[in-house]
Amino acid sequence: MGLIELHIRSLELAAEVVDSVRPDRLDLPTPCAGWTLRHLLEHEIGQRQGFAAAARGAGPDLALFAPAPVGADPAGAFRRTGADLTAAFREAAEAGRALWLPEIRDGAPFPLSRAVGFHLLDTLVHAWDVAAALGAPDGLIAAVEGDEELVSALVAVVEAVPDTPGARAPGRAFRPGLPPGGGAGRFERVLALLGRDHAWKG
């Protein structure tokens with residue numbers, strides 16, 4: 001299965017988690033230090049808009065990736081921006097377009113496959129952040145673990161994320177890796193490699 005189709009599956013899993021986010025839960029803490037659920041969703045929606053703009057040919061403009069308000073319908077905004085991003089990725093595939101992602105690298109655009117992989121990783125890891133904030137991460141973990149194609153693609157992307165002080169520092173996308181717990185599945189090992197504590201509680 002193509003990476004864009006796997007990315008669609010990641011978006012749906014994440015959307016199923018966000019569907020249960022009510023406006024009165026937006027102030028819950030998340031595993032992303034200093035971010036409430038509102039901050040996290042605003043970051044995700046802004047990233048989707050930035051990736052979509054890049055897929056449609058925008059240059060290296062950091063402002064395109066700025067957090068965006070979730071409004072009164074967080075789940076609706078999440079699904080709308082996911083659908084638009086899918087359309088943009090498909091347009092980029094048809095055009096053979098590389099993507100400028102200035103938050104990751106300033107010097108050159110990324111091949112579409114790398115960009116889709118980066119966003120797939122971001123989607124699933126932040127879906128876990130949301131699920132953990134809501135106190136119910138087990139269903140997402142089981143769904144990802146049970147999808148062999150999806151979890152294999154996820155592992156392939158995370159293995160390309162450097163675990164170095166420069167790449168894993170305050171303000172960066174990911175924290176230094178943690179040792180996975182005994183019996184951890186592949187998705188849980190990915191989360192640990194990216195600095196997520198599976199035992200986190202809000």
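Above this text you will find the structure in question.
Before going into details, it helps to say that this report is about the structure given with it.

Basis of the calculations
- Residues numbered from 1 in each chain as written.
- Predicted model: local features only at pLDDT ≥ 70, side-chain atom pairs only at ≥ 80, totals over all residues.
- Heavy atoms only, no water.
- Helix = DSSP H or I, 4+ residues; strand = E, 2+ residues; numbered from the N terminus.
- Rg over C-alpha atoms; globule rule 2.2 N^0.38 Å.
- Buried < 20%, exposed > 50% of the residue type's maximum accessible area, 1.4 Å probe, protein only.
- Expected span 1.5 Å × (residues − 1).
- Polar contact = N/O pair within 3.5 Å; in protein donor to acceptor, adjacent residues only side chain to side chain.
- Contact = heavy atoms within 4.5 Å.
- Salt bridge = Lys/Arg side-chain N within 4 Å of Asp/Glu carboxyl O.

### Some thoughts on the overall build of the protein chain
And step 1. Tallying secondary structure elements over the protein chain gives seven helices and zero strands in all.
And step 2. Here the C-alpha atoms of the protein chain give a radius of gyration of 16 Å, agreeing with the 17 Å that 2.2 N^0.38 yields for 202 residues.
And step 3. Across its three principal axes, the protein chain shows a C-alpha extent of roughly 45 × 35 × 35 Å.
And step 4. The buried share of the protein chain, taken over its 202 residues, is 48%.

### Let's talk about helix 2 (residues 37-55)
And step 1. For helix 2, spanning 19 residues, the distance from its first C-alpha to its last is 27 Å, which sits close to the expected 27 Å at 1.5 Å a residue.
And step 2. With 15 of its 19 residues buried, helix 2 lies for the most part within the structure.
And step 3. Downstream of helix 2 by a residue or two, G57 has a phi angle that is positive, lying close to 105°.

### Focus: the side chain of T30
And step 1. Structurally, T30 can be placed in the loop between helix 1 (3-18) and helix 2.
And step 2. A distance of 2.9 Å separates a polar atom in the side chain of T30 from the backbone oxygen of W35.
And step 3. In contact with T30, other than residues within four places in its own chain, are W35, T36, L37, L40, A133 and W200.

### Details of the pattern of salt bridges
And step 1. Scanning the model with the defined rule gives 10 salt bridges in all.
And step 2. For R9, the salt bridge is made with D147, and the minimal N-O distance between the two is 2.5 Å. Linking R9 in helix 1 with D147 in the loop between helix 5 (138-145) and helix 6 (148-158), this pair joins segments that are 138 residues apart in sequence.
And step 3. R56 serves as the salt-bridge partner of D84, at 3.1 Å between the closest nitrogen and oxygen. A residue pair is termed long-range when its members are at least 10 positions apart, and D84 in helix 3 (residues 74-95) and R56 in the loop between helix 2 and helix 3 qualify at 28 residues.
And step 4. Classification of R56 as partly exposed rests on a relative accessible area of 35%.
And step 5. Several salt bridges share partner residues, and in doing so they unite R9, D147 and E149 into one network.

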